[in-house]
Amino acid sequence: LTCIITPDTHGMVRLSLTKEMEVINQSLAPVPYELGWTFVDEDKATQCELTQIVGDKDPVVKKIEFTRSAEYGYVQAKLPEVLQIAPRSKGDRHRYVASCFCGAPQNWYHAIYFAMPTIDVTFSVKGPEGWKVWIAGKEPVSNEAILHSNGLHMPGEKLEIHWRSA
């Protein structure tokens, strides 16, 4: 996940978020997968773009609007169709890129929750010159931070991205 923080003129920031992933199916049968983003209303998420790359085929890029989810207080942008992930033994890689923007107060944080079991993650955050950014419990040092984890993250776990202006 990559996050670029840009201040606006109203004491807020704009977060440019991009996540890249490869979905691996270790079973012998296809499994369903829903590609998208979920945010709380207050994040003011906009401009979702979802890219699907399967095997050697050309990337398929779709712009998706955020809509209210069935759960109160959340918005989602997801592909209307459920993707079928072929078994890894078939040889096709299933790669995805999702990007969007959201807003937040200038000295705040954003929580990223894992929706499915996830391994081998890298979080990268960049803020304006002179700002301090940090991820999870790391100490703020500069306007850039990177965290890599080889471990397993389960649904409901979170990592937080924090920022403070100069």
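These figures come from a predicted structure and were not determined experimentally. Counting of residues starts from 1 at the beginning of each chain's written sequence and follows it residue by residue. Where local features are concerned, this predicted model is filtered to residues with pLDDT of at least 70; where side-chain atom pairs are given and counted, the filter is 80 or more; whole-chain, interface and lining totals use all residues. Processing note: side-chain calculations cover all non-hydrogen atoms of the structure and skip hydrogens and water entirely.

What follows concerns the overall build of the chain. In terms of regular secondary structure, the chain is built from zero helices and 15 strands. Once the C-alpha set of the chain is aligned to its principal axes, its extents read approximately 50 × 35 × 30 Å. For each residue, the accessible area found with a 1.4 Å probe, counting protein chains only, is set against the maximum for its type, and the residue is called buried under 20%, exposed over 50%, and partly exposed in between. When burial is assessed residue by residue, the chain has 38% of its 166 residues classed as buried. Any two residues whose heavy atoms approach within 4.5 Å are treated as being in contact. By sequence separation, contacts in the chain at least 24 residues apart represent 69% of the contacts at least 6 residues apart. For the chain, the exposed area adds up to about 10,100 Å²; of that, 54% sits on carbon and sulfur atoms. Comment: elements are numbered from the N terminus, with helices defined as DSSP H or I runs of at least four residues and strands as E runs of at least two. Surface exposure here means Shrake-Rupley accessible area, sampled with a 1.4 Å probe, where a residue is shielded only by the protein chains that are shown.

Counting through the fold element by element, Asp92 comes out in the loop between β9 (83–85) and β10 (94–105). Taking the C-alpha atoms as reference, Asp92 lies 7.9 Å from Asp56; in sequence the two are 36 residues apart. When sequence neighbours within four positions are dropped, the list of residues in contact with Asp92 reads Val54 and Gly55.

For salt bridges, the criterion is a side-chain nitrogen of Lys or Arg within 4 Å of an Asp or Glu carboxyl oxygen. Following the criterion strictly, the structure yields seven salt bridges and no others. Measuring nitrogen to oxygen at the nearest pair gives 3.0 Å for the salt bridge that ties Glu34 to Lys78. With a gap of 44 residues between them, Glu34 in the loop between β3 (31–33) and β4 (36–40) and Lys78 in strand β8 (residues 74–78) connect regions that are remote in the sequence. The residue Glu160 makes a salt bridge to Lys158 at a minimum N-O spacing of 2.9 Å.

Quick look at the side chain of Glu160 now. By secondary structure assignment, the location of Glu160 is in strand β15 (residues 158–164). Here a polar contact means two N or O atoms within 3.5 Å. Within protein one must be a hydrogen donor candidate and the other an acceptor candidate, and residues neighboring in sequence count only if both atoms are side-chain atoms. Here His162 takes part through its side chain, which lies 2.9 Å from a polar atom of the side chain of Glu160. When near neighbours in sequence (up to four residues on either side) are disregarded, Glu160 contacts Tyr109, His110, Ala111, Trp134, Ile135 and Ala136.

We now examine the sheet that holds strand β13 (residues 132–135). For two strands to count as paired, DSSP must find a minimum of two bridges between them. Read from one edge of the open sheet, three strands run β11-β15-β13, paired in antiparallel fashion. Edge strands, defined here as strands with exactly one partner in the open sheet, are β11 (108–113) and β13. Averaged over all pairs of adjacent strands, the angle between their axes in this sheet comes to 15°, without regard to strand direction. Pairing of β13 with β15, which is carried by four bridges, proceeds in the antiparallel orientation. Residue pairing for β15: Trp134 is matched across the bridge by His162. Think of each axis as a best-fit line through the C-alpha atoms, taken over the contacting stretch in the case of a helix, with angles from 0 to 180 degrees between the N-to-C directions.

Two rings belonging to Phe, Tyr or Trp (six-membered ring only in the last case) form a pair when the distance between their centres is within 6.5 Å. Interplanar angles under 30 degrees mark stacking, angles over 60 mark edge-to-face geometry, and anything in between is tilted. Summed over all chains, the structure comprises five aromatic pairs. With 6.3 Å between their ring centres and 85° between their planes, Phe114 and Phe123 make a pair best called edge-to-face. In this structure, Phe114 and Phe123 share a single accessibility class: buried. These aromatic residues form a ring-pair network of at least three members: Trp37, Phe39 and Phe66. If you follow Arg14 out to its NZ or CZ, it ends over the ring of Phe101, 3.8 Å from the centre. Note on geometry: a ring has a charge over it if NZ (lysine) or CZ (arginine) is within 6 Å of the ring centre and within 35 degrees of the ring normal. When the ring centre of Trp37 is taken as origin, the NZ or CZ atom of Lys19, which lies over that ring, is 4.4 Å away.

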